[in-house]
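Take a look at the letters that make up each chain.
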Amino acid sequence: MSPSETPAGALAPRDAAAARTAGAAAAGERPAGRTRLRRRARALLFASAVLFGASAALAKLAARQGMSGGQATLVRFAIGLAAVLALFRARPGTFRPHRKDLLFARGLFGGIAALLYFLAIERIAAGEATLLNNTFPIWAVLLSLFVLNERPTVHLWIALAVASAGVWLVLGGGSVRLGLGWGEGLGIVSGVLGGAAVTAIRALRATDNAPTIFFAFSVGGLVVSLPFALGAWPSAPGAYLAALGVGVVAFLAQLSMTEAYGALSVPEAALWQQLTPIASYLWALSLGERLSLATVVGVLLGLGGILYGSLLGHAPREARSREARLAEGLPAEEP
């Protein structure tokens, strides 16, 4: 049979070889592309941790100038909402809500978590409040087990435990004493709701972009913080300058974090977010905080845990939820 007589639907040997080569190349590009996305996501989470740390330092400055936690939260969300609305106007079509139920959950849980954190700082030591609020990665990992079927490896559990120990040393020098009052209760609930909020982000990244998710967060935060901002406002201009800085920096941090959740599982993203309280403390050094040996050890533990988890804590090959697979650009179902 001559080449011209090849049956319809069949490939000549040379074409078949070329097709196999192209298919192998395409299969190799997918893991390579996902690896690039994960590297970018880790860089975004690192940047968000630095920015969130700066936001916490600015919030402390605002509090020193007489601004309450509710007022600082309201200013933060008002600025964030204005910024994202300006983005929508500059780039028409960016606002594309799909999962309205999850967007509502993101706005409600995230807004209340942020408010409760600021209210906890008013009642207990900042280090204690930050430590309790920073339990949100653990709650997020637990929730993602059931909601997204994202099961961390043993390496990720170890890395998260090591990084959390580092955070404990950084925030309290190893001597944080937890009580059982209203302030502690607010801090714990803020951590639980924060875990629910980031789990919602991960599920939303399958269908909704980062600015749209941030819009829902800003609206929710604005609504829940308004009743707590009705008291007398401070007269010192420094309080408003610091609160303005909180809003701008937190806006950039939230967008970076939300974008990163499109490429990383909740357990790995939660691990990287342990950088945030460490960055908060390091930024606080500019406000007169003292650096101790325990702090240095804590920073090294935190960084070591994150490095260990990133290198060895790869997610196991098992079925995951539809939302988690779509967020990574994979087919909705296993092939």
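**So, the overall build of the protein chain**
The number of helices and strands found in the protein chain is 13 helices and zero strands. In sequence order, the protein chain lays out its α and β elements as α-α-α-α-α-α-α-α-α-α-α-α-α. Burial analysis of the protein chain (335 residues in total) assigns 50% to the buried set. Residue pairs at least 24 apart in sequence account for 88% of intrachain contacts in the protein chain once pairs closer than 6 positions are excluded. For the protein chain, the exposed area adds up to about 16,200 Å²; of that, 67% sits on carbon and sulfur atoms.

**Overview of the environment of Phe 251**
With respect to the helices, strands and loops of the structure, Phe 251 is situated in helix H9 (residues 237-260). For Phe 251, the residues in contact, after removing those within four places along its chain, are Gly 80, Ala 83, Val 84 and Phe 214.

**Re the pattern of salt bridges**
Under the defined criterion, the tally for this structure stands at three salt bridges. Here the residues in one salt-bridge network are Arg 40, Arg 205 and Glu 259, joined through shared partners.

**Quick notes on the nonpolar core**
In this structure, Leu 45, Val 198, Ile 201, Met 257, Tyr 261 and Leu 271 are the most contacted members of the largest nonpolar core, which totals 34 residues. Elements that contribute at least two residues to this core include exactly helix H1 (13-64), helix H3 (100-123), helix H5 (136-147), helix H6 (154-172), helix H7 (182-204), helix H8 (210-225), H9 and helix H10 (266-272). Core analysis: the next-biggest nonpolar cluster, separate from the first, contains 12 residues, Ala 129, Leu 186, Leu 193 and Val 224 among them.

**Focus on a nonpolar patch on the surface**
Taken together, the side chains of Ile 138, Trp 139, Leu 142, Trp 157, Ile 188 and Val 192 define a hydrophobic patch exposed on the protein surface, amounting to about 460 Å² of accessible area. Those elements that place two or more of their residues in the nonpolar patch are H5 and H7. Mapped onto the elements of the fold, Trp 157 is located in helix H6. Look at Trp 157 and you get partly exposed, because its relative accessible area is 36%.

**As for the environment of Phe 215**
Checked against the element boundaries, Phe 215 lands in helix H8. We classify Phe 215 as partly exposed; its relative accessible area is 21%. C-alpha of Phe 215 to C-alpha of Ala 83: the two residues are 132 residues apart in sequence and 9.5 Å apart in space. The contact partners of Phe 215, leaving out residues within four places of it in the chain, are Leu 81, Val 84, Leu 85, Phe 88 and Phe 95.

**Remarks on the packing of helix H2 (residues 69-90) against H8**
Where H2 meets H8, the axes come as close as 8 Å, and the angle between the chain directions of the two elements is 150°. Classified by the angle their axes make, H2 and H8 are roughly antiparallel. Handedness of the crossing formed by H2 with H8: left-handed. Contacts between H2 and H8 involve Gly 70, Thr 73, Leu 74, Arg 76, Phe 77, Ala 78, Gly 80, Leu 81, Val 84, Leu 85, Leu 87 and Phe 88 from the first element and Pro 211, Thr 212, Phe 214, Phe 215, Phe 217, Ser 218, Val 219, Gly 221, Leu 222 and Ser 225 from the second. Among the residues making up the contact of H2 with H8, the classes are represented as 14 nonpolar, seven polar and one charged.

**Let's talk about the side chain of Ser 218**
Considering the arrangement of structural elements, one finds Ser 218 in helix H8. Those residues in contact with Ser 218 that lie beyond four places of it in its chain are Phe 77, Gly 80 and Leu 81.

**Quick look at H7**
For H7, with 23 residues, the first-to-last C-alpha span of 32 Å sits near the 33 Å given by 1.5 Å per residue. Burial of H7 is extensive: 18 of the 23 residues sit out of reach of the surface.

**Brief notes about the packing of aromatic side chains**
Following the criterion strictly, the structure yields seven aromatic pairs and no others. Taking the centre distance of 6.2 Å and the plane angle of 65° together, the rings of Phe 214 and Phe 217 count as edge-to-face. Of the two residues, Phe 214 and Phe 217 are both situated in helix H8; the distance of three residues between them amounts to about one turn of the helix. Across the pair, Phe 217 and Phe 214 agree in class, each one buried. With 6.4 Å between their ring centres and 15° between their planes, Trp 233 and Tyr 240 make a pair best called stacked.

Rules and cut-offs
- Residues numbered from 1 in each chain as written.
- Predicted model: local features only at pLDDT ≥ 70, side-chain atom pairs only at ≥ 80, totals over all residues.
- Heavy atoms only, no water.
- Helix = DSSP H or I, 4+ residues; strand = E, 2+ residues; numbered from the N terminus.
- Buried < 20%, exposed > 50% of the residue type's maximum accessible area, 1.4 Å probe, protein only.
- Contact = heavy atoms within 4.5 Å.
- Areas by Shrake-Rupley, 256 points an atom, 1.4 Å probe, with all protein chains shown as cover.
- Salt bridge = Lys/Arg side-chain N within 4 Å of Asp/Glu carboxyl O.
- Core = buried A, V, L, I, M, F, W, Y, C linked by side-chain atoms within 4.5 Å.
- Patch = residues over 30% accessible without salt bridge, like charges linked within 9 Å, V, L, I, M, F, W, Y side chains within 5 Å.
- Axes fitted to C-alpha atoms, helices over the stretch in contact; angles between N-to-C directions.
- Parallel < 35°, antiparallel > 145°, perpendicular 65-115°, else oblique.
- Left-handed = near helix turned anticlockwise from the far one by under 90°.
- Nonpolar A, V, L, I, M, F, W, Y, C, P; charged D, E, K, R; others polar.
- Expected span 1.5 Å × (residues − 1).
- Phe/Tyr/Trp six-rings, centres within 6.5 Å; stacked < 30°, edge-to-face > 60°.

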